[in-house]
Amino acid sequence: MKSSDIRQTFLHYFARNDHEIVPSAPLVPANNPTLLFTNAGMVQFVETFVGLEQRPYTMATTAQKCMRVSGKHNDLENVGPSPRHHTFFEMLGNFSFGDYFKKDAIAFAWDLLTNELKLPKERLWVTVFEGDDKVPPDEEAERLWQAVGVAPERILRFGAKDNFWSMGDTGPCGPCSEIHYYQGDDVANQVPEGVNSDDDDYMEIWNLVFMQYDRDAQGRLTPLPKPSIDTGMGFERLVAVLQGVRNNYETDLFAPIIDRLTALMGQGREHYMANRAPYHAIADHSRACAFLIADGVRPGNEGRNYVLRRILRRAAYQGQTLGLTKPFLAETAAVVIEGMADVYPELSAKADYIKQVITTEEEGFGRTLQSGLEQLETIVAAMQRAGQTIMRGEDAFRLHDTYGFPLDLTAKILAERNLGVDEDGYLRARQAQRQRGRDAAQFKRGAQAELWTEAELPPTTFVGYTELQTTGQVLAIAVAGDLEQQATEGESVQIVLDRTCFYGESGGQVGDTGVLVGPQGAVRVTDVQKPVSGLFVHTGTVERGVVAVGQEAQLVVDAERRQDIMRNHTATHLLHRALRDVLGEHAEQAGSLVAPERLRFDFGHPQAVTPDELREIEGRVNAWIRADTEVSPAEMPLAAAKQVGAMALFGEKYGDIVRVVTVGCVEVSGREHGGAVAEQTIVAETMCSRELCGGTHVERTGQIGFFRILGESSIGSGLRRIEAVTGRGAEAYVDSQLGLLRDLAQRMSTTPSQLVERVEQLLSQLKQQQQQLGKLARQQSGAHLQTLLERKAEHNGVALVAARVEAPSMDKLREMGDWLRDKLGSGVVVLGTVLNEKPQLLAMVTPDLVKQGYHAGNLVKGLAPIVGGGGGGRPDVAQAGGRDSTKLDVALQQVGDVLAKQHA
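For the structure given in this document, a descriptive report is provided here. (Residues numbered from 1 in each chain as written. Predicted model: local features only at pLDDT ≥ 70, side-chain atom pairs only at ≥ 80, totals over all residues. Heavy atoms only, no water.)

**Overview of the overall build of the protein**
Helices and strands together make up the secondary structure of the protein, namely 28 helices and 36 strands. Seen through its C-alpha atoms, the protein measures out along the principal axes to roughly 105 × 85 × 65 Å. A buried classification covers 49% of the 904 residues belonging to the protein. Long-range contacts, defined as pairs at least 24 residues apart, comprise 69% of the intrachain contacts of the protein with a sequence gap of at least 6. With 93 positive and 119 negative side-chain charges, the protein shows a spacing of 6 Å between the two charge centroids. (Helix = DSSP H or I, 4+ residues; strand = E, 2+ residues; numbered from the N terminus. Buried < 20%, exposed > 50% of the residue type's maximum accessible area, 1.4 Å probe, protein only. Contact = heavy atoms within 4.5 Å. Lys, Arg positive; Asp, Glu negative; His and termini not counted. Charge placed at Lys NZ, Arg CZ, Asp CG, Glu CD.)

Structure, rendered in structure tokens:
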């Protein structure tokens with residue numbers, strides 16, 4: 001039975017039993033800071049389980065993408081050696097939200113396994129919770145298993161470690177029943193002791209969790225509003241059972257990846273059998289990388305991005321141990337995409353992008369891997385000399401920070417030599433490098449949230465989509481971090497009203513500014529934030545009089561500034577659409593800033609956007625602006641928004657009712673009229689932007705006026721940033737550029753139209769002068785080198801030139817050394833110079849002396865400490881740097897002595 005058929009059988013079984021087939025949630029959990037990744041099927045239903053969210057169905061079934069690489073659920077170190085553990089895996093599940101409970105859950109599970117999938121009952125074992133001081137034994141589940149036909153002796157009791165499930169330290173939890181499958185050959189002699197033991201003959205395949213409680217941070221268990229069901233079955237394990245193999249990696253989920261690997265190396269199955277652990281790790285990690293990148297994660301140094309980098313580099317290193325010397329992971333990821341895109345279409349939609357990101361990261365790691373391995377060898381050698389078996393955390397962090405070695409890769413390499421690493425020391429070193437300012441900012445935000453949470457105020461009514469002036473009642477005032485009844489002239493103040501037209505910073509859009517005028521005073525509002533959901537906090541200074549709690553106030557937004565912000569926000573949506581049209585659907589938003597003077601947009605893309613691509617992007621946005629298309633905000637249910645294709649951002653949490661901003665997406669007639677109408681028609685028919693957005697926007701794209709990209713840059717691995725201006729900002733930018741052009745033309749005694757020709761003329765003259773100067777410099781340098789050659793010394797019959805020279809770069813210094821070495825024919829050359837206030841040494845040895853044992857690398861090692869540095873290199877050429885340029889002449893004077901000591 002093929003894996004695709006097994007997945008469909010599971011989902012369709014529950015669909016026939018009135019369950020809704022719900023698509024897999026992304027690997028990046030929405031609005032859940034406690035989870036790096038979705039690690040179980042129930043993650044997308046957490047708020048439903050605790051009664052905070054209502055869904056249009058009460059029973060569901062899913063095939064959920066999962067990752068387990070951190071915290072309680074961390075399988076990374078077992079991946080490779082273990083036949084069953086994975087980083088990425090699929091979890092099949094069925095769920096009841098206050099509908100059916102234990103009886104039906106147990107009946108469904110037994111019927112599906114024994115009747116639909118035809119698993120032999122004599123190989124199945126069941127476990128139930130034995131109870132503890134907080135929860136009684138689950139005798140009900142035990143009776144229900146017997147009722148469906150499980151023999152009493154095949155129902156076992158276990159403690160909380162095995163039979164009480166929770167997603168984390170807090171959240172939904174409850175007793176569970178596990179179903180185990182016996183894979184061994186001796187069916188007649190199975191023993192209960194094999195279940196939940198280290199015996200590989202017994203394997204857990206399905207866990208039925210009876211969600212009865214919500215655990216808080218203090219460990220207290222509170223009954224859920226409605227008892228519910230959450231089940232999870234490891235898809236890879238089930239496939240292994242049904243395909244009759246003991247190793248998940250021999251199923252059709254992994255075998256094609258392993259086949260591609262052996263083909264890449266020109267090897268056969270015997271090579272795989274002799275090296276199964278690295279093959280398994282690469283196959284697993286190829287799946288993880290493909291799915292993570294498809295879900296918007298990019299290699300980086302923090303959080304989820306760092307996990308992806310660790311996994312990808314771990315796989316790349318495993319490939320090197322197998323003998324793969326060139327990037328290969330895009331090839332194995334292609335197999336993943338080809339095999340699973342029918343079920344997960346995001347893989348095919350971003351196939352090229354996935355392979356590009358993987359190759360870029362793999363190539364980058366390859367460039368630093370050899371240097372890192374050499375540094376690791378140096379550290380290990382020092383450890384062994386000192387009789388140490390644990391690498392210092394500082395050294396492990398330096399390998400990570402300088403050479404990109406993830407901690408687990410360093411630990412793996414060390415473990416191969418029976419050595420370890422101080423992981424706590426590594427974490428301390430990493431933490432010490434983090435910016436303290438970020439911690440201070442987080443503390444400040446946390447204090448604000450605490451202050452306004454304790455105030456227990458009702459949500460603010462926001463009317464700023466349609467009104468820039470309104471009235472509101474002052475509900476609370478804070479001065480210097482404390483709640484007060486009033487604030488007086490000159491004081492910095494924070495004010496919350498029952499109603500406002502001021503937009504509070506969110507979704508990348510900055511907060512409004514303006515004035516708040518009460519019966520006895522006025523406040524200049526400089527910012528509006530929402531430290532607590534639904535609460536608008538107006539920050540400013542009391543300019544005159546007194547403002548007090550309970551007063552009615554007139555609120556007036558700075559309309560001109562708001563209009564600038566609206567232009568930039570709508571332009572951001574157009575830019576997002578243009579980026580996806582030109583670069584590909586992978587160019588998703590990763591962050592933004594919408595301010596009055598400019599906009600900034602961060603997005604995923606593996607390389608710099610070319611000038612031609614930037615011109616096309618900018619041209620598309622301006623064409624859409626000229627089309628003067630209507631901008632239509634509308635509120636609708638989240639499900640309806642998804643149906644019409646509204647774009648949601650990974651990691652964002654949306655309510656049941658969302659605001660969708662639509663630009664274009666309608667057909668316009670009139671193509672036959674030609675001219676501007678034809679352009680507008682084509683633009684309107686081809687451009688469609690729909691995004692979930694709570695920001696403020698213009699009514700028509702024509703109000704944006706003009707869009708100009710200021711620059712494009714990298715902000716991290718696989719992340720790019722575009723900065724742009726619109727409207728008044730674009731007008732000011734064009735004015736400044738034209739002014740600069742006129743000023744330059746005037747300084748060069750020409751006109752703006754002839755400026756390029758004048759610059760080319762001057763560059764040509766400059767090039768000629770530089771060539772003449774270079775010729776003179778070479779003549780002077782040649783004469784100087786000839787003088788050094790004539791003054792060569794001799795030590796023990798070896799010709800030696802040791803001198804200080806003036807060189808503008810290391811390349812020039814090496815050029816001088818090459819000339820002297822070639823002219824010497826047989827001898828040693830040592831040159832010294834100062835570059836950027838640092839002393840540099842270069843040593844060269846002719847081939848005949850290398851054969852006699854002379855070694856340039858050893859020579860500079862002996863000289864480098866004199867100038868406070870270090871270095872080394874090959875026998876024929878080596879270089880060293882230092883910190884004390886005042887000792888350079890001393891070092892050069894010591895060349896003969898060092899040579900004599902090394903060749904006594």
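Right, picking up where we left off after that structure.
**Side note on the pattern of salt bridges**
Scanning the entire structure with this criterion turns up 48 salt bridges. Its salt-bridge partner being arginine 620, residue aspartate 581 comes within 3.5 Å of it at the nearest N-O pair. Of the two residues, aspartate 581 sits in helix H18 (residues 559–583) while arginine 620 sits in helix H19 (residues 611–626), which places them 39 residues apart along the sequence. The partner of aspartate 628 in a salt bridge is arginine 700, and the shortest N-O contact between them spans 3.3 Å. With aspartate 628 in the loop between H19 and strand E26 (631–637) and arginine 700 in the loop between strand E28 (688–692) and strand E29 (707–716), this pair connects stretches of sequence that are 72 residues apart. Given a relative accessible area of 31%, aspartate 628 falls into the partly exposed group. (Salt bridge = Lys/Arg side-chain N within 4 Å of Asp/Glu carboxyl O.)

**Section: the state of the cysteines**
Evaluation of the coordinates by the stated rule reveals 1 disulfide. Each sulfur in the disulfide pair cysteine 665 and cysteine 688 lies 1.9 Å from the other. On the sign convention where negative means left-handed, the S-S torsion of about 95° between cysteine 665 and cysteine 688 marks this disulfide as right-handed. Of this pair, cysteine 665 sits in the loop between strand E27 (657–664) and helix H21 (675–686) while cysteine 688 sits in strand E28, and the two are 23 residues apart along the sequence. For cysteine 688, a relative accessible area of 31% translates into the label partly exposed. We note that cysteine 173 lacks a disulfide partner, and the nearest cysteine sulfur, in cysteine 176, lies 11 Å from it. Here cysteine 173 falls in the buried class, since its relative accessible area comes to 0%. Looking at the unpaired cysteine 693, the closest cysteine sulfur is the one in cysteine 665, lying at 14 Å. (Disulfide = S-S within 2.5 Å.)

**Observations regarding the layout of surface pockets**
Estimates place the volume of the second largest pocket at around 1300 Å³. Ranked by residues supplied to the lining of the second largest pocket, first place goes to strand E10 (residues 202–215) with 7 residues. Considering only residue class, the lining of the second largest pocket consists of 16 nonpolar, 15 polar and 14 charged. (1 Å grid on protein atoms, 1.4 Å probe; cavity = no way out; pocket = protein on both sides within 12 Å on 5 of 7 lines; lining within 4 Å. Points joined across faces, edges and corners; volume = space filled by probe spheres on them. Nonpolar A, V, L, I, M, F, W, Y, C, P; charged D, E, K, R; others polar.)

**Some thoughts on the packing of helix H10 (residues 303–322) against helix H15 (residues 407–415)**
Relative to each other, H10 and H15 sit at 30°, their axes nearing to 9 Å. The pairing of H10 with H15 is recorded here as roughly parallel in orientation. Contacts between H10 and H15 involve Tyr306, Arg310, Arg313, Arg314, Tyr317 and Gln318 from the first element and Leu407, Asp408, Leu409, Lys412 and Ile413 from the second. Considering only residue class, the contact of H10 with H15 consists of 5 nonpolar, 1 polar and 5 charged. (Axes fitted to C-alpha atoms, helices over the stretch in contact; angles between N-to-C directions. Parallel < 35°, antiparallel > 145°, perpendicular 65-115°, else oblique.)

**Topic: the side chain of glutamine 494**
Topologically, glutamine 494 is positioned in strand E18 (residues 492–497). Each residue touching glutamine 494, except ones within four places of it in the same chain, is listed here: Gln448, Leu451, Trp452, Ala476, Ile477, Ala478, Val537, His538 and Thr539.

**Digging into the sheet that holds E26**
With antiparallel pairing, the 3 strands of this open sheet are ordered in space as E26-E27-E28. At either margin of the open sheet sits one strand with a lone partner, and together these are E26 and E28. Between one strand axis and the next, the sheet turns through 25° on average, direction left out of account. One ladder, built from 5 bridges, connects E27 with E28; its direction is antiparallel. If you follow valine 660 over to E28, its bridge partner there is leucine 692. Set on the sheet, H18 makes contact with E26, E27 and E28; between it and E28 the angle comes to about 115°. (Pairing = 2+ DSSP bridges.)

**Concerning the nonpolar core**
Within the largest apolar cluster, 112 residues are counted, with the highest numbers of intra-cluster contacts made by Trp145, Ile205, Trp206, Leu347 and Phe405. Ranked by residue count, the leading element in this core is helix H13 (residues 351–385), at 12 residues. Dropping the residues within four chain positions of it, tryptophan 145 is found in contact with Ile106, Ala109, Trp110, Val126, Val128, Val150, Ile155, Ser177, Ile179 and Leu208. The next biggest cluster of nonpolar side chains, apart from the first, holds 29 residues, and it includes Met566, Val582, Trp624 and Cys693. (Core = buried A, V, L, I, M, F, W, Y, C linked by side-chain atoms within 4.5 Å.)

**Side note on empty space enclosed by the protein**
This model, assessed by the stated rule, comprises 1 cavity of 30 Å³ or more. In this structure, the largest cavity occupies an estimated 50 Å³ of space. In this structure, the largest cavity is lined by His795, Asn796, Val798, Tyr854, Gly896, Leu899, Ala900 and His903. Broken down by element, the residue count for the lining of the largest cavity peaks at 3 residues, all from helix H28 (residues 895–902). When the residues that make up the lining of the largest cavity are grouped by side-chain class, the tally is 4 nonpolar, 4 polar and no charged.

**Notes on helix H9 (residues 276–294)**
A rise of 1.5 Å per residue sets the reference length of H9, with its 19 residues, at 27 Å; its end C-alpha atoms lie 27 Å apart and thus fit the reference within 8%. Taken across its 19 residues, H9 has 17 buried, putting it largely inside the fold. Positive backbone phi, approximately 95°, marks glycine 296, located one or two places after H9. (Expected span 1.5 Å × (residues − 1).)

**Observations regarding the pairing of strand E33 (residues 828–835)**
Of all 8 residues making up E33, 7 are buried, and the element is well covered by its neighbours. Two elements, strand E32 (residues 798–804) and E33, share 5 bridges in a ladder whose sense is parallel. Pairing of arginine 804 across the sheet is with glycine 832, part of E33. Relative to strand E34 (residues 838–845), E33 runs antiparallel, the two being bridged by 8 bridges. Across the sheet, valine 834 pairs through a bridge with proline 839, a residue of E34. Where E33 folds back on E34, the antiparallel hairpin that results is connected by 2 residues, among which asparagine 836 adopts a positive phi of roughly 55°.

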